[in-house]
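# Commentary on secondary and tertiary structure
The chain contents come next:
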Amino acid sequence: MPTAVKHQRELGDDVQVIFVECQGAERDTYEAFAWRMKWMGNAAMWTHERPMEMPGSGLPQTALIGVDGTVILQGNPGALGKRLSEALEAEIKKSKQPPADAPAELKKAWTMFLKGDVAGALAECDASTAPAAADTRTEFLARTTARIERVKRLLDAGDFGLAERQTAEIEKAVKSNAELAAQIAEQRARLNDPANAREREAAKAFDALVDKIATEKPFDAGNVKKMSALAEKFSGAKAAEKAARFVELSKLRAGA
Amino acid sequence: MKLSWVPLAVAGLALAGFALRSPSTNEGKKVDYRFSEAPVNAAGIKSLAELRGKPVLIDFWGTR
């Protein structure tokens, strides 16, 4: 199992792993491969688009992007060895602390933001006379609106389980900020809309089945049959489309 | 005549510095990228910018 899968499973939300297929395989091929290898069922993303150059010739290759978007390390994961896990640990630590270059007057705002109190952090910026207060406020707003946008996309994709968890977190974080609270309330209304009851139920069933089979021979006949039944039961729901896709992927020959 | 050595020396030093830098890394560079097609399991994420504040591990690999 690639170390990155282990990192994603063990570190959860503290890190985002992105696998980039570099040998020209089709999306279906690498997705089926990942299922077959039991690497799915976690937050790792899979793509064939290279988000950055991959200089050099060797695969596998790993790059660690730090909390400020700077590449910290890049190279063969084996050669990087302990340096990679140490750098990752250091970045996770940084992600929970105010940036080192944050002015002393704004450390409190950063601490509040990182602990999930977005409304409090924004209010702290508003009350501050520090020259960087406006930029810091903009950064907090940008990160929070990006999270709200993400919830919208999750709902569009029928991913109601994750959307529910994210919405609950954001609601708590922005409670006393009228503008942001109104934005997340729109998504809460979509989540709770009785017209979406079937989508919610389908998503719940799909997530539960994925959790159960992802690390235990996902493409075994019994599991494929269960996924097929789910696709049929919730026909028309977005989660049913995902279940039907899983069934199709299971038919792809290994190594195809 | 003496002055002509100065630009040559500067160019030589610059070339040596360039050669000493590893050509096989993006280390130290800021990166951003917006995916044109949502990755598998994207969970609503469309760009690296949306992940700012969290470490990202990119794993380049091959299926074959």
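Let me begin by describing the structure that accompanies this report.

On to the overall build of chain A, then. Each helix and strand in chain A was counted, giving twelve helices and four strands. Counting only C-alpha atoms, chain A reaches 65 × 55 × 25 Å along its principal axes. The burial tally for chain A puts 45% of its 256 residues in the buried class. The contacts of chain A with a sequence gap of at least 6 include a subset with a gap of at least 24, amounting to 55%. Within the structure as shown, chain A displays about 12800 Å² of accessible surface, and the carbon and sulfur contribution to it stands at 52%. Averaging the positions of the 38 positive and the 38 negative side-chain charges in chain A gives two centres separated by 5 Å.

This part covers the sheet that holds strand E2 (residues 45-47) of chain A. Read across the sheet, five strands follow the order E2(A)-E1(A)-E1(B)-E3(A)-E4(A) without closing on themselves; strand pairing throughout is mixed. Single-partner strands in this sheet number two, and they are E2 and strand E4 (71-75) of chain A. Direction aside, neighbouring strands of the sheet carry axes that sit 15 degrees apart on average. Bridge count between strand E3 (residues 61-65) of chain A and strand E1 (residues 56-61) of chain B: five bridges; the pairing is antiparallel. Following the sheet pairing, Ala 63 of chain A is matched in E1 of chain B by Ile 58 of chain B.

All right, on to the environment of Met 227 of chain A then. Residues and elements named next belong to chain A. Turning to its location among the elements, Met 227 is positioned in helix H11 (residues 221-233). The exposure class assigned to Met 227 is buried, which follows from its relative accessible area of 0%. A sequence separation of 17 residues divides Met 227 from Val 210, and the C-alpha atoms of the two residues are 8.9 Å apart. Excluding anything up to four places from it in sequence, Met 227 contacts Phe 206, Leu 209, Val 210, Ile 213, Ala 243, Phe 246 and Val 247.

Turning our eyes to something else, we now look at the environment of Ile 184 of chain A. Residue position: Ile 184 of chain A is located in helix H9 (residues 178-192). Excluding residues within four positions of it along the chain, Ile 184 of chain A makes contact with Ile 148, Val 151, Thr 167, Ile 170, Glu 171 and Val 174 of chain A.

In regular strands, side chains alternate between the two faces of the sheet. Counting buried positions along E1 of chain B gives six out of six residues, so the element sits mostly inside the fold. Residues of E1 of chain B alternate between two faces, with Val 56, Ile 58 and Phe 60 of chain B on one and Leu 57, Asp 59 and Trp 61 of chain B on the opposite face, all of them buried. The sheet contact formed by strand E1 (residues 16-21) of chain A and E1 of chain B spans six bridges and is parallel. Pairing of Ile 18 of chain A across the sheet is with Ile 58 of chain B, part of E1 of chain B.

Turning our attention to the pattern of salt bridges. Residue and element names in this part refer to chain A. Counted by the stated rule, this structure contains 17 salt bridges over all chains. The closest approach of N and O atoms between Lys 108 and Glu 124, which form a salt bridge, is 3.8 Å. Here Glu 124 lies in helix H6 (residues 118-127) and Lys 108 lies in helix H5 (residues 107-114), a separation of 16 residues in the sequence. Between Glu 171 and Arg 188 there is a salt bridge, with its nearest N and O atoms 2.8 Å apart. Linking Glu 171 in helix H8 (residues 160-174) with Arg 188 in helix H9, this pair joins segments that are 17 residues apart in sequence. Given a relative accessible area of 18%, Arg 188 falls into the buried group.

Buried accessible area, meaning the area lost when the parts come together, often serves as the stated size of an interface. Facing the 40 residues of chain B at the interface are 65 residues of chain A. For the pairing of chain B and chain A, the buried interface totals around 4900 Å² over both sides, and the portion due to carbon and sulfur atoms is 58%. Of all residues in chain B, Leu 57, Phe 60 and Trp 61 of chain B give up the largest surface area on contact with chain A, accounting jointly for 20% of the area buried on that side. Linking chain B with chain A are three salt bridges, by the criterion used here. Here Glu 37 of chain B ties to Arg 27 of chain A by a salt bridge, and the two come within 3.3 Å at their closest N and O atoms. Where chain B touches chain A, the interface holds 32 residue pairs in polar contact (both at pLDDT 80 or more). Grouping the constituent residues of the side of chain B that touches chain A by class yields 18 nonpolar, ten polar and twelve charged.

Rules used in this analysis
Residues numbered from 1 in each chain as written. Chains lettered and ligands numbered in written order. Predicted model: local features only at pLDDT ≥ 70, side-chain atom pairs only at ≥ 80, totals over all residues. Heavy atoms only, no water. Helix = DSSP H or I, 4+ residues; strand = E, 2+ residues; numbered from the N terminus. Buried < 20%, exposed > 50% of the residue type's maximum accessible area, 1.4 Å probe, protein only. Contact = heavy atoms within 4.5 Å. Areas by Shrake-Rupley, 256 points an atom, 1.4 Å probe, with all protein chains shown as cover. Lys, Arg positive; Asp, Glu negative; His and termini not counted. Charge placed at Lys NZ, Arg CZ, Asp CG, Glu CD. Pairing = 2+ DSSP bridges. Axes fitted to C-alpha atoms, helices over the stretch in contact; angles between N-to-C directions. Salt bridge = Lys/Arg side-chain N within 4 Å of Asp/Glu carboxyl O. Buried area = accessible area lost by both parts, 1.4 Å probe. Polar contact = N/O pair within 3.5 Å; in protein donor to acceptor, adjacent residues only side chain to side chain. Nonpolar A, V, L, I, M, F, W, Y, C, P; charged D, E, K, R; others polar.

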